[in-house]
Amino acid sequence: MAHMDGTPEPTVHVAETGDAEARDGGRAVTGFLGRRAQPPVARVEVSDTGPAIALDGGLAVSGYAHIESLTLVHQRPRTPVTWPLRVGDLPREADFFQARAALTELGSAPDRVRIVTGMGGVGKSQLAARYARQRWDAGELDLLVWVPAGRAEWIQSAYANAWLDIDDAAPGMDLAEAATRFLRWLSEDHGKRWLIVLDDVTHPSDLSALWPPSTPLGQTVLTTRNRDAALLGPGRQRIDLSVYSPDEAVSYLRSRLAYYGRTDDLHQVALLAADFGYLPLALAQAVPYMVNKRLDCTAYRARLADHGRTLTRLLPGPRALPDDQKITLAAAWSLSIELADELEPAGLARPLLDVAAMLSPDGIPAAVLTSEPVLRYLDGPDLPVDDLSDALLNLHQLSLVEYSPGSVRHTLRVHRVLQRSVRDGVGAQNRVRLARATADALAHAWPQPGLDLPLAHVLRANLDALAEHSESALYVDGVHPAVLSSGRALGEARLSDSARAYFERVAARAAAALGPDHPDTFTARHELIRWQGRGLRDAGVTREAFRALLADRVRVQGPDHPDTLATRHELARWQGLAGDAAGARDALEELLADQVRVLGADRPDILTTRGNLARWQGRAGDAAGAIATLRSLVADRSRVWGPDDPRTLIARIELAHWQGMVGDAGAAASTLAELAAVSARVLGPDHPRTLSVRGTQAMWTGRSGDAAGAAATLADLAANQEAVLGADHPDTLGTRSAAAHWRGKSGDASAAAEQLADLVSDLVVLFGPDHPDTLTARNNLASWRGKAGDSRGAAAALADVVDSRTRTLGPRSPDDAVQSCEPGLLARPGTGRARRGGRLRRRSLRSAARAGTQTSHHPVHPEEPRRLARTRGRRPGSGHSPRGTPATPARPARAPAPRHHEDTQGPRPLAGPQRRHRRRVEDHGRPGGRPHRRQRSRSPRHAAGAQGTRPLAGALRGRRRRRDRLHRPSARPGTGSRP
């Protein structure tokens, strides 16, 4: 500033001036008063001036003072310094302070400089203050200086004040000199133990020339949100402080609520802590709000779940903060966001944080953040990816996010409360655009079906987070593709029940938002029927549902629309699963011709149809035709998609299966071993399809004669499945059953019985003793016990199984239970979906269905309809018949007829049951069936190797007779005949 004539004002420095009091008409000045006199000064006359008295070191002027330059330093009355000395005000300790592990780490760190970093609100200052108090109270310090370090001048002023308290000769010294003297004194060997706490450092440059020295007598603790590498160096250790642990958060909330006389439900307290992400500042501010609004944890959580309320409406205002806090939760991050956005590349950090705020707090993949839709949202389609990475690093540097470029699936993590605060700042007009751009980024990053299931799982979690607060944006002008991809990924992960429930919600939401005849509503219905069918026992129900959907698609979209053709494909597939393999084959042949006409050759839909056509050709009895179709398909898929594409692998697996079915089991096993290696290389060793191929390979290895090799392969597979899927997963349990079966087939019946005993114990714990799977495993265990020589124990065990089945599934089911079955993880070739083998579960569910009983304590496995539909013809007396023919009810046992010798007596006439069975088969156009079990010629049971089973059969025959007498209907009066 200058005078009007251009003469500069004198430079004046005034600091900490005291009070000045004027008496008797005088004038008292504290600080500086007046302006430079205009030269020349001839004479100054002052009259009637009274006395001026300076108080507390102030400057008193009576009359006129001409001042060219004035520097004032507070000159307090000097008193000798008293040690120990504390300079600066420590923040008050928060109520119910939680001692955390970082406190111990702070005290035990070997370096002289300890830097505590973390996002705003985690309690860095409170931690540093507790550490300083502990050392002060323990008498370990001679000097403690607490420095508010947000700006360089604040640090310098705090150092100067500390020096003024230490040195008697300091009065009259300027701030910079006093700060320099203080730092020099800290480095000297004066025997004084000191601790300097630099709280909330903003920029590393603010500490330029102001770092406390590193000496054996002193220690420095620095708190900051800035993780800039410039703060680090030799002798400096960084300690990252995170949020409370769940136990610490619950303990804090319970203590604080109890202070107000509140005893909320412990479970709800834990859920509330999780809702706030265990953030200390959020929990501290939440409790006063709850108390003032008279809300319990349940009611408060309901308000938090309402995303129409902003965070500022759910927490106290600036004038009602607890623990002497100065800023609200939302304001705690505003400065950090501004600083991150100012760093180069400037202007990218904030919009990227907006995108991250829409997604999951538990991890956002890199492919989402660097996708083309995100670049479009940032208005920079040509923006270098390196700039995006630098902007994310800026957010990480300011402790706003956790950025791990080395993690592909969990690249970025953002605290959930910070996310909500950022979303609250996004305007309503921009909210829909932001949500759509985020969903586009998820769809862009979604892997192909069956590939990278862990990435698909992470993407599902991110879509769920987006839908939680912006679901309506996903149904604008249609169902967003990411919504459909998320549900399909659930099914691909073998979570069929979850996929069904998911698409139920999607179909209802689409019908409400778009209308029942919208194409996307049809698509949602299509997926719902598809995954719903995995949980139904009757595939015919699913077939009819697809038939109804097809009629709607033809009415609205036309017969040649690609979506209509896709529904025809599913209808044909479920027609086969319902038992009509020939009908499925014929429908797929017609569909293939229409697809080629409408879409053209080599389209993905056509290649998929050809694969399913081959499958149903084989199941309709034309294994040679299936092999020919599959060989051509493998060549075309290799040409179009490549030899290592998962869809090509599916066709090769299917081809190996049918080669085994025509009698070349060894070649099938060898081919599947090669394909398992390819699948492990392409998809990963833990991918469900890789595990499924290994199970199929083991089956064909056993069927080729190498039972020991099959048992060893399945034992290794079970260990892998337990590590990947879990010990309770159905695939793991099925593989254990298969391993026991092939172990017994290799000649070690005792080992098979031991393995099955362990399996039965686990099934009893998981499902109960009367669950169909448990009953089947118990039956198999009894069988192998008998083969191991314990015939009495086997007979008693099988009798218990019969009782359990009769009690649980009805009186007509035990006939199925008393047969030893071949369980195992038999992957349906070409799909990667595991089925737990031959008869392990299929027989139990058939028995339950025949008795009209439905088990409710365990969900039906997704593949059950497939298993039921694939069931081969059974003995007529068991209540089952060949596919497509009615079932014949079981009849009571009769005495065996005399053996008939056709070579001497000629052809034997058909018995009554045989005649009836033959007529039924001929009526349905099926080939002849097997004769009734009780009319077939009997032969001696087993050779010496199976002598242990002889008492078993007798015991069961007696039990069956007693059961038949018990349940046989009474004769009609007066006729003497059975009904």
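Residues numbered from 1 in each chain as written. Predicted model: local features only at pLDDT ≥ 70, side-chain atom pairs only at ≥ 80, totals over all residues. Heavy atoms only, no water.

The name an unreviewed UniProt entry gives the protein is Tetratricopeptide repeat-containing protein, with Micromonospora halophytica as the organism.

Enquirer: How would you summarise the overall build of the protein if you had to cite specific residues and measurements?
Expert: A tally of regular secondary structure across the protein gives 38 helices and 14 strands. Residues counted as buried form 49% of the 979 residues belonging to the protein. For the protein, contacts bridging at least 24 residues in sequence account for 68% of all contacts bridging at least 6. (Helix = DSSP H or I, 4+ residues; strand = E, 2+ residues; numbered from the N terminus. Buried < 20%, exposed > 50% of the residue type's maximum accessible area, 1.4 Å probe, protein only. Contact = heavy atoms within 4.5 Å.)

Enquirer: Explain helix α23 (residues 604–619) to me, using residue names and the numbers behind them.
Expert: When the terminal C-alpha atoms of α23 are compared, their 23 Å separation across 16 residues agrees well with the 22 Å that a helix rising 1.5 Å per residue should span. Within α23, 13 of the 16 residues are buried, which leaves the element mostly enclosed by the surrounding structure. Trailing α23 by a residue or two, glycine 621 shows a phi angle of about 110 degrees, which is positive. (Expected span 1.5 Å × (residues − 1).)

Enquirer: An account of helix α22 (residues 581–599) is requested, with residue identities and associated values reported.
Expert: Here α22 is 19 residues long and its end C-alpha atoms lie 26 Å apart, about the 27 Å a rise of 1.5 Å per residue gives. Where α22 is buried, its residues contact α21 (562–577) and α23. Downstream of α22 by one or two residues, glycine 600 has phi in the positive range, about 95 degrees.

Enquirer: Requested: an account of the packing of helix α26 (residues 665–682) against helix α27 (residues 688–703), with residues and values cited.
Expert: For the pair α26 and α27, the least separation of the axes is 8 Å and the interaxial angle reads 160 degrees. Between α26 and α27, the angle falls in the class roughly antiparallel. With respect to the hand of their crossing, α26 and α27 are arranged in left-handed fashion. For the pair α26 and α27, the contacting residues are Ala665, Ala668, Ala669, Leu672, Ala673, Leu675, Ala676, Ser679 and Ala680 in the first and Arg689, Thr690, Val693, Arg694, Thr696, Gln697, Trp700, Thr701 and Arg703 in the second. Partitioning the contact of α26 with α27 into residue classes produces ten nonpolar, five polar and three charged. (Axes fitted to C-alpha atoms, helices over the stretch in contact; angles between N-to-C directions. Parallel < 35°, antiparallel > 145°, perpendicular 65-115°, else oblique. Left-handed = near helix turned anticlockwise from the far one by under 90°. Nonpolar A, V, L, I, M, F, W, Y, C, P; charged D, E, K, R; others polar.)

Enquirer: Give me the lowdown on the pairing of strand β6 (residues 113–117), citing residues and values where you can.
Expert: The element β6 is largely enclosed, with a buried count of five among its five residues. Burial of β6 is two-sided: the residues Val113, Ile115 and Thr117 facing one way and the residues Arg114 and Val116 facing the other way are all buried. Two strands pair when backbone bridges link them, and β6 and strand β9 (residues 218–224) are joined in this way by five bridges, in the parallel orientation. The residue bridging arginine 114 from the neighbouring strand is valine 221, located in β9. Relative to strand β10 (residues 236–240), β6 runs parallel, the two sharing five bridges. In the sheet register, valine 116 faces β10, and the bridge partner there is isoleucine 239. (Pairing = 2+ DSSP bridges.)

Enquirer: Lay out the environment of alanine 284 with the relevant residues and their values.
Expert: Along the chain, the position of alanine 284 falls in helix α7 (residues 280–293). Sequence-wise, alanine 284 and proline 322 are 38 residues apart; in three dimensions their C-alpha atoms are separated by 7.1 Å.

Enquirer: Give me the lowdown on the packing of aromatic side chains, citing residues and values where you can.
Expert: Summed over all chains, the structure comprises nine aromatic pairs. With centroids separated by 6.0 Å and ring planes inclined at 65 degrees, the aromatic side chains of phenylalanine 96 and tyrosine 259 adopt a geometry described as edge-to-face. Placement of the pair is phenylalanine 96 in the loop between β5 (85–87) and α1 (101–108) and tyrosine 259 in helix α5 (residues 246–259), with a sequence separation of 163 residues. Under the relative-accessibility criterion, tyrosine 259 is labelled exposed at 60%. With centroids separated by 6.0 Å and ring planes inclined at 35 degrees, the aromatic side chains of phenylalanine 276 and tyrosine 300 adopt a geometry described as tilted. Here tyrosine 300 lies in helix α8 (residues 297–305) and phenylalanine 276 lies in the loop between α6 (266–275) and α7, a separation of 24 residues in the sequence. (Phe/Tyr/Trp six-rings, centres within 6.5 Å; stacked < 30°, edge-to-face > 60°.)

Enquirer: Give me the lowdown on the sheet that holds β10, citing residues and values where you can.
Expert: Taken in spatial order, the six strands line up as β5-β7-β8-β9-β6-β10 in an open sheet, and their pairing is parallel. A strand with exactly one partner marks an edge of an open sheet, and here the two such strands are β5 and β10. When strand polarity is set aside, the average angle formed by the axes of neighbouring strands in this sheet is 15 degrees. Relative to strand β7 (residues 143–148), β5 runs parallel, the two being bridged by three bridges.

Enquirer: Explain the pattern of salt bridges residue by residue, including any values.
Expert: Counting across every chain of the model gives 37 salt bridges. Here arginine 647 and aspartate 645 are joined by a salt bridge, their closest N and O atoms 2.9 Å apart. On the basis of relative accessible area, arginine 647 is assigned to the partly exposed category, the value being 28%. Here the residues in one salt-bridge network are Arg92, Asp95, Arg256, Asp323 and Asp324, joined through shared partners. (Salt bridge = Lys/Arg side-chain N within 4 Å of Asp/Glu carboxyl O.)

Enquirer: Requested: an account of the nonpolar core, with residues and values cited.
Expert: Counting 113 residues, the largest nonpolar core has Phe276, Tyr300, Leu329, Trp333, Leu400 and Leu412 as its most contacted members. Per-element accounting of this core gives the leading share, eight residues, to α7. Judged by nonpolar contacts, the second largest core, of 31 residues, contains Leu85, Ala160, Ala179 and Ile196. (Core = buried A, V, L, I, M, F, W, Y, C linked by side-chain atoms within 4.5 Å.)

Enquirer: Quick rundown of the side chain of arginine 553? Include the residues and the values.
Expert: Locating arginine 553 in the fold gives a position in helix α20 (residues 539–557). Given a relative accessible area of 2%, arginine 553 falls into the buried group. Not counting the four nearest positions on each side in its chain, arginine 553 is found in contact with Pro519, Phe522, Thr523, His526, Gly558, Asp563, Thr564 and Thr567.

Enquirer: Kindly report on the pairing of β7, identifying the contributing residues and their values.
Expert: Among the six residues of β7, five are classified as buried, and the element is accordingly described as predominantly covered. One ladder, built from six bridges, connects β7 with strand β8 (residues 194–201); its direction is parallel. What sits directly across from tryptophan 146, in β8, is valine 197.

Enquirer: Describe the environment of proline 148, with residues and values.
Expert: Relative to the helices and strands, proline 148 is located in strand β7. The partly exposed category is assigned to proline 148, whose relative accessible area is 45%. Separated by 52 residues in the primary sequence, proline 148 and aspartate 200 place their C-alpha atoms 6.8 Å from one another.

Enquirer: Describe in detail the packing of helix α30 (residues 749–767) against helix α31 (residues 772–787), supporting the description with residues and values.
Expert: Between α30 and α31, the least distance of the axes is 9 Å, while the angle of their chain directions is 160 degrees. In terms of orientation, α30 lies roughly antiparallel with respect to α31. Like other packed secondary-structure pairs, α30 and α31 cross with a definite hand, here left-handed. Note on element contacts: α31 touches α30 through Asp773, Thr774, Ala777, Arg778, Asn780, Leu781, Trp784, Arg785 and Lys787, opposite Ala749, Ala752, Ala753, Leu756, Ala757, Val760, Leu763, Val764 and Phe767. Each residue belonging to the contact of α30 with α31 can be placed in one class, and the counts come to twelve nonpolar, two polar and four charged.

Enquirer: Tell me about unusual backbone geometry, residues and numbers included.
Expert: The peptide bond linking tryptophan 83 to proline 84 adopts the cis configuration, its omega dihedral lying at 0 degrees. In this chain, glutamate 344 is followed by proline 345 through a cis amide linkage whose omega measures -5 degrees. Mapped onto the elements of the fold, proline 345 is located in the loop between α9 (331–342) and α10 (349–357). Within the chain, aspartate 477 stands out as a residue other than glycine whose phi angle is a positive 60 degrees.

Enquirer: Kindly report on the side chain of threonine 564, identifying the contributing residues and their values.
Expert: The residue threonine 564 is located in helix α21 in this model. A relative accessible area of 1% means that threonine 564 is categorised as buried. The residues contacting threonine 564, other than those within four sequence positions of it, are Leu550, Arg553, Val554, Gln557, Gly558 and Pro559.

Enquirer: Would you mind going over the environment of alanine 566 in detail, with residue names and values included?
Expert: By secondary structure assignment, the location of alanine 566 is in helix α21. Among the residues examined, alanine 566 registers a relative accessible area of 32% and is labelled partly exposed. In this structure, the C-alpha to C-alpha distance between alanine 566 and aspartate 605, residues 39 residues apart in sequence, is 7.8 Å.

Enquirer: Residue-level account of the confidence of the model for the protein, with values.
Expert: Per-residue confidence for the protein gives a mean pLDDT of 78, with 74% of residues at or over 70. A low-confidence stretch, residues 813–953 (pLDDT under 50), is modelled with 292 contacts involving residues beyond four sequence positions or located in other chains. Across residues 965–979, confidence stays below pLDDT 50; counting only partners more than four residues off in sequence or on other chains, it has 13 contacts. (pLDDT = per-residue confidence, 0-100.)

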